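Residue strings, one per chain:
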Amino acid sequence: MKQQFISSFSMFILFLHCANTFAQIPAAAPAQAPAVVVASPPAATPTQAAAPHGITNVTKILEKAGHFTIFIRLLRSTQEENHLFSALNDSSTGLTIFAPTDSAFSELKSGTLNTLSDGDKSELVKFHVVPTFLSTSQFQTVSNPLGTWAGTGNRLPLNVTSYPNSVNITTGLTNTSLSGAVYTDNQLAIYKIEKVLLPKDIFASNAPAPAPVAPAPEKPAKAVPSATVESPAASVDISSALFFTHNLVVGSAGLLASAIFSL
């Protein structure tokens, strides 16, 4: 009986010791998740405008710059806005746009745009787009005539001449210069111009034809006296009169001679 009591007591002491030992073991610290490093986006350069989702929107750039209301309206009405959007995101050569200001359109004859067909309006817009990126320095080495979205050829000439402080543009009907850069990066360049570039293909055929030259007045011809032509009857009458006169003279002479001899 005594031995059982000692054995039970010993087991109780051992249980208390084990419980105390486990209680003193510190709990393991929870595993920490690895730190996530978030890279900040690069800052935009001064010549780049912020474009949503990396897409360059020409009309948004022009709206922000101001004074291009009519050109923006043409871009939208001709659907060339969508064409530009696709080209800028698919092309590797970039684009150059000559953007006429509202004052440039105001210099056109009243109602000029209203007289154009939808196709002519689209061609007019395309004539202001060069299918490659051109910086101001590249105008010095570019070959004339420049090709545009409207095409090339004698009916669509677009020539540029670079000077130390300016770039001149001619179409055969328009002569103007770049008046500043609206936007430029390594893919798109938009330059402001103060005259609308008029292609010969549209406006040369619509120009009024020159007035015909009036023929020089003819000098009046000098009057030539008409020759008198005697009729045969008149000739006969005159001959008869001469014959009668001759007989009369001869008869008178005979009578005169007879009178003298009788004396």
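Provided above is the structure to which this section pertains.
Notes on the structure in this doc start here. Quick caveat, the model's predicted, so the values are computed rather than measured.

## With respect to the nonpolar core
Link 1 in the chain: V58, L62, L84, L95, I97, L188 and I190 are the most contacted members of the largest nonpolar core, which totals 30 residues.
Link 2 in the chain: Sorting the residues of this core by element identifies α2 (58-65), α3 (69-77), α4 (80-90), β1 (95-100), α5 (102-106), α6 (118-126), β6 (188-193) and α7 (200-206) as the ones contributing at least two each.
Link 3 in the chain: Per element, the largest residue contribution to this core is four residues, and it comes from α3.

## What to know about the sheet that holds strand β4 (residues 166-170)
Link 1 in the chain: Reading across the sheet, the six strands line up as β2-β1-β6-β5-β4-β3 and stay open at both edges, with mixed pairing between neighbours. Each edge of the sheet is formed by a strand with only one pairing partner; in this case those strands are β2 (129-130) and β3 (159-163).
Link 2 in the chain: Across two bridges, the pairing between β1 and β2 is antiparallel. Along β2, the bridge assignment pairs I97 with V129.

## What to know about the side chain of T78
Link 1 in the chain: Summarising the element assignment, T78 is placed in the loop between α3 and α4.
Link 2 in the chain: For T78, the side chain forms a polar contact with the main-chain oxygen of L74, separated by 2.6 Å.
Link 3 in the chain: If we ignore the near neighbours within four places in the chain, the residues touching T78 are K121, S122 and V125.

## Things to note about the pattern of salt bridges
Link 1 in the chain: Tallying each qualifying case throughout the model produces three salt bridges.
Link 2 in the chain: A salt bridge links E63 to R76, with the nearest nitrogen and oxygen atoms 2.8 Å apart. One end of the pair, E63, is in helix α2; the other, R76, is in helix α3, and 13 residues separate them in sequence.
Link 3 in the chain: R155 is the salt-bridge partner of D201, the closest N and O atoms lying 3.8 Å from each other. Within this pair, whereas D201 is found in helix α7, its partner R155 is found in the loop between β2 and β3, the two being separated by 46 residues in sequence.
Link 4 in the chain: Judged by relative accessible area, R155 falls into the partly exposed class, the value being 39%.
Link 5 in the chain: By sharing partners, the salt bridges in this structure join E63, R76 and E81 into a single network.

The rules behind each value
Residues numbered from 1 in each chain as written. Predicted model: local features only at pLDDT ≥ 70, side-chain atom pairs only at ≥ 80, totals over all residues. Heavy atoms only, no water. Core = buried A, V, L, I, M, F, W, Y, C linked by side-chain atoms within 4.5 Å. Buried < 20%, exposed > 50% of the residue type's maximum accessible area, 1.4 Å probe, protein only. Helix = DSSP H or I, 4+ residues; strand = E, 2+ residues; numbered from the N terminus. Pairing = 2+ DSSP bridges. Polar contact = N/O pair within 3.5 Å; in protein donor to acceptor, adjacent residues only side chain to side chain. Contact = heavy atoms within 4.5 Å. Salt bridge = Lys/Arg side-chain N within 4 Å of Asp/Glu carboxyl O.

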